[in-house]
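Below are the chains, spelled out letter by letter.
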Amino acid sequence: MFFALTGTPIVEAATPNYTMSKKSIIVNGQTVEQPYGFVYQQTTYMPLYYVMQALKPLGFVSQWNGHLWTITSSSHFHPSILPPQNHATDSLILNETPLEHFPTLVAIDPDSGAPTTYIPIWYIQQALTAIGIQSKWNGTTWTLTFNVNPAASIPEYAAYQSPTSQPVDYTSFIQAEAAVQSSNVGYVVNTSTNQVVVWPKDDWSLMDDQYFAASFLPGYSFPAPSFAVPGATYVSLNAVQGSTPNDTVFYQIAENGTYIDKWAGNYEDPYRQVDLRTPAPAGLTANKINAFLQSVVPNSGLQGLGQAILQAAQTYGVNATYLLAHAILESNWGTNSLATEKNNLYGYGAYDADPFADGGVFPSKTYTIQFQAWFVRNTYLNPGGPEYYESPTLDGMNQNYATDPTWSLQIGELMRMISQFAGLHLSQYTIYQPGSASPPEPDSNEPVFSFNGASAMLKSATTSSLIPIYSNPDTALNSFDNTPTGNWISGMQVQVLQMEQGFWQGYVTAWYKIQSSNYTGWVMGQNLQFNNIYQLNSKANQPIPVYSNAQVNSTLETTLHTGSWVVMPSYNAASQDMLLIDYVNPLTGTPETGYIESQNITVNKVAQNSANA
């Protein structure tokens, strides 16, 4: 049975202040909802959402589009009397027959804090009376009762934990709904109407733009599989967490709300199967990367990094589209605190328990990208790598890289968005074929960040005055025996030559190569107090121009990115329009000296680098 109500909001010159009070809705002796309601012009108004929920146990499935309230009921409800029609407002339709009209008001629901549509309870009572359901209203409690005839006693709700499970039958909608709450792919079917009345939390459908979309990934869409048709609802079952190619099985559970139980096909977003060791199409240029970033999130913390992405991808043999998509997802377009404060674009070391404190610190975003390309290639994409799983693809990475099983879905969708903007096609990418030879890795050495003229004081992190010095850092992939080659004294002045990201006792730790007189060694960041290292942040998140001398019209040497660390031998914020910096060019590796405009940046001294930051 189908009926619909159409409401017209009452428009007031000024929003009235409604006095809210708790109400109760009782169905066959059981309290099912306790919403806030109010009295307006001697009529009690109840929030439509809670009324819709309360009607579920009676077999009603409701939809509200802001104007029309459409209700479908199970077949054993039959209209007996028709209430009088009031043509002064809008219409109520029962089985395509106009029955009633009602006004609506919009007010803030105290429970949700959101604007909510309210409807006079009197009109709902008239509609229910027409189909044989009696209700009473005493000003605070709305009591609904109906007689359960033998036909209605037959179980009419089938609860499915998944499309492949056997249903469990219930006579109570509330019990059936509760039975599937723990399943993301569970649903309930009204067997009298053959309608799906509780939808899966994770479902898929074909959108108007002909892309495939999942309800649990709002804002993302994917190339449509061949089996997808308009109006159909699908759920997917993965044989392996994160999925490997072609083991995501889709079932169609409904078409336009009507229950359908059938296997639809196997499908994955093809970008999840791209061989990430192969290059992105040549059409992905630095300019297109920068334009894409600017078009989606203008002046984000990733702006201007196009060349750094391409160079890192080429150096370490990693797909540039993936490298960009991963930075976007993990850093929220370069805007989260790890990205803005630590230059950590990929969440490296950001364990779930305390992601910001545990996340690694990087001296520049360019170095972060270089490190990520090297680390992913050697850890997740090379067969034999410590976290390699089945294939060098997003699906393979998802198994051991991310706790979120939808990680590969989200990265794949971002790769599609980037490709579409750049005018690229999926056919231009290399899809992984099991057993295919591994493309050579151009450079397997971990990248380092080099300083030009940096100095620091050794500072003990314990009660001891001795600082352990090591011949090599404990890198991100290779641990050593943790035995120091010597000890230097806290308070010594040293030159800082290089930084390399690594580990110490399970935590991300920045290591620094230092020199004193003719001796060099590596020390953990917690043991250094920097003297002249500063972080530059662009006020507009734009690349920072570096000039050859103290004139803006002089030769442009390079650009640095917001968050970059540089050496400033004589920083004085109050008296300098052009600031002298010493740095190592991030793209050429050449030590250089240049000038930057002070008015467009903020400068913060990097005092100490903690052990696990």
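Preceding block: the structure.
Residues numbered from 1 in each chain as written. Predicted model: local features only at pLDDT ≥ 70, side-chain atom pairs only at ≥ 80, totals over all residues. Heavy atoms only, no water.

**Some remarks on empty space enclosed by the protein**
Inclusion rule: Cavities and pockets are defined on a 1 Å grid built over the protein atoms alone: a cavity is a set of grid points where a 1.4 Å probe fits but cannot escape, while a pocket is an open set with protein on both sides within 12 Å along at least five of seven lines, and lining residues are those with an atom within 4 Å of any such point. Grid points are joined across faces, edges and corners, and a volume is the space filled by probe spheres set on the points. Numbering goes from the N terminus for both helices and strands, where a helix is a DSSP run of H or I of at least four residues and a strand is a run of E of at least two. Gly counts as polar in this scheme, as do all residues outside two lists: the nonpolar Ala, Val, Leu, Ile, Met, Phe, Trp, Tyr, Cys and Pro, and the charged Asp, Glu, Lys and Arg.
In this structure the tally under the stated criterion is two cavities of 30 Å³ or more. Within this model, the largest cavity holds a volume of roughly 120 Å³. Lining the largest cavity are 16 residues, with Phe 449, Leu 560, Trp 565, Tyr 583 and Val 584 positioned closest to its centre. Listing elements by their share of the lining of the largest cavity, those giving two or more residues are strand E25 (449–458), strand E35 (565–567) and strand E36 (578–584). Considered class by class, the residues forming the lining of the largest cavity number nine nonpolar, six polar and one charged.

**Structural notes on helix H7 (residues 320–331)**
For an α-helix the count is 3.6 residues per turn, leaving residues at separations of three or four pointing the same way. Note the following rule: For a helix, the expected span equals 1.5 Å multiplied by the residue count minus one. Burial status follows relative accessibility: with a 1.4 Å probe on protein chains alone, a residue under 20% of its type maximum counts as buried, one over 50% as exposed, and anything between as partly exposed. Should any heavy atoms of two residues lie within 4.5 Å, those residues are considered in contact. Counting of polar contacts relies on pairs of N or O atoms within 3.5 Å, with two restrictions inside protein: one atom must be capable of donating a hydrogen and the other of accepting it, and residues adjacent in sequence are counted only when both atoms are side-chain atoms.
Between the first and last C-alpha of H7 there are 16 Å, a value that for 12 residues agrees with the 16 Å anticipated at 1.5 Å per step. Burial analysis of H7 places 10 of its 12 residues in the buried class, which makes it a mostly covered element. All buried positions along H7 are accounted for by Ala 320, Thr 321, Tyr 322, Leu 323, Leu 324, Ala 325, His 326, Ala 327, Ile 328 and Ser 331. In the core, the buried residues of H7 are packed alongside helix H5 (286–296), helix H6 (306–316), helix H8 (337–342), helix H10 (365–381), helix H11 (394–401) and helix H12 (407–422). Between the side-chain oxygen at the start of H7 and the backbone nitrogen of Thr 321 there is a gap of 2.9 Å, and the oxygen is on Asn 319. Asn 332, located one to two residues past H7, shows a positive phi value of around 55°.

**Some points on the sheet that holds strand E31 (residues 528–530)**
Put simply, the rule reads: Strand pairing is assigned whenever DSSP identifies at least 2 bridges connecting the two strands. An axis is simply a line fitted to the C-alpha atoms; with a helix, the fit covers only the stretch in contact. Between two such axes, the angle follows the N-to-C directions and lies from 0 to 180 degrees.
The strand order across the open sheet formed by five strands is E30-E29-E28-E25-E31, and the pairing between neighbours is antiparallel. On the outer flanks of this sheet lie strand E30 (519–524) and E31, each paired with one strand and no other. The mean angle between the axes of side-by-side strands here comes to 45°, regardless of whether they run parallel or antiparallel. Here six bridges tie strand E29 (residues 507–516) to E30, and the two strands are oriented antiparallel to one another.

**Thoughts on the nonpolar core**
Rules: Definition used in this section: a nonpolar core is a set of buried Ala, Val, Leu, Ile, Met, Phe, Trp, Tyr and Cys residues joined via side-chain atoms within 4.5 Å.
If you look at the biggest cluster of nonpolar residues, it comprises 88 residues, and the most contacted ones within it are Tyr 322, Leu 323 and Tyr 512. Sort the elements by how many residues they give to this core and H10 lands first, with nine residues. Apart from residues no more than four positions distant in its own chain, Tyr 322 is found in contact with Leu 276, Gln 372, Val 376, Leu 394, Met 397, Ile 411 and Met 415. Of all hydrophobic cores here, the second largest spans 20 residues; its members include Val 27, Leu 48, Tyr 123 and Ile 124.

**So, the pairing of strand E28 (residues 493–504)**
As defined by bridge partners, E25 adjoins E28 across six bridges and the pair is classed as antiparallel. Within the sheet, the bridge partner assigned to Phe 449 lies in E28 and is Met 499. When E28 meets E29, the two strands line up antiparallel, connected through nine bridges. Within E29, the residue paired with Gln 501 across the bridge is Ala 510.

Shape is all these values report; function is a separate question.
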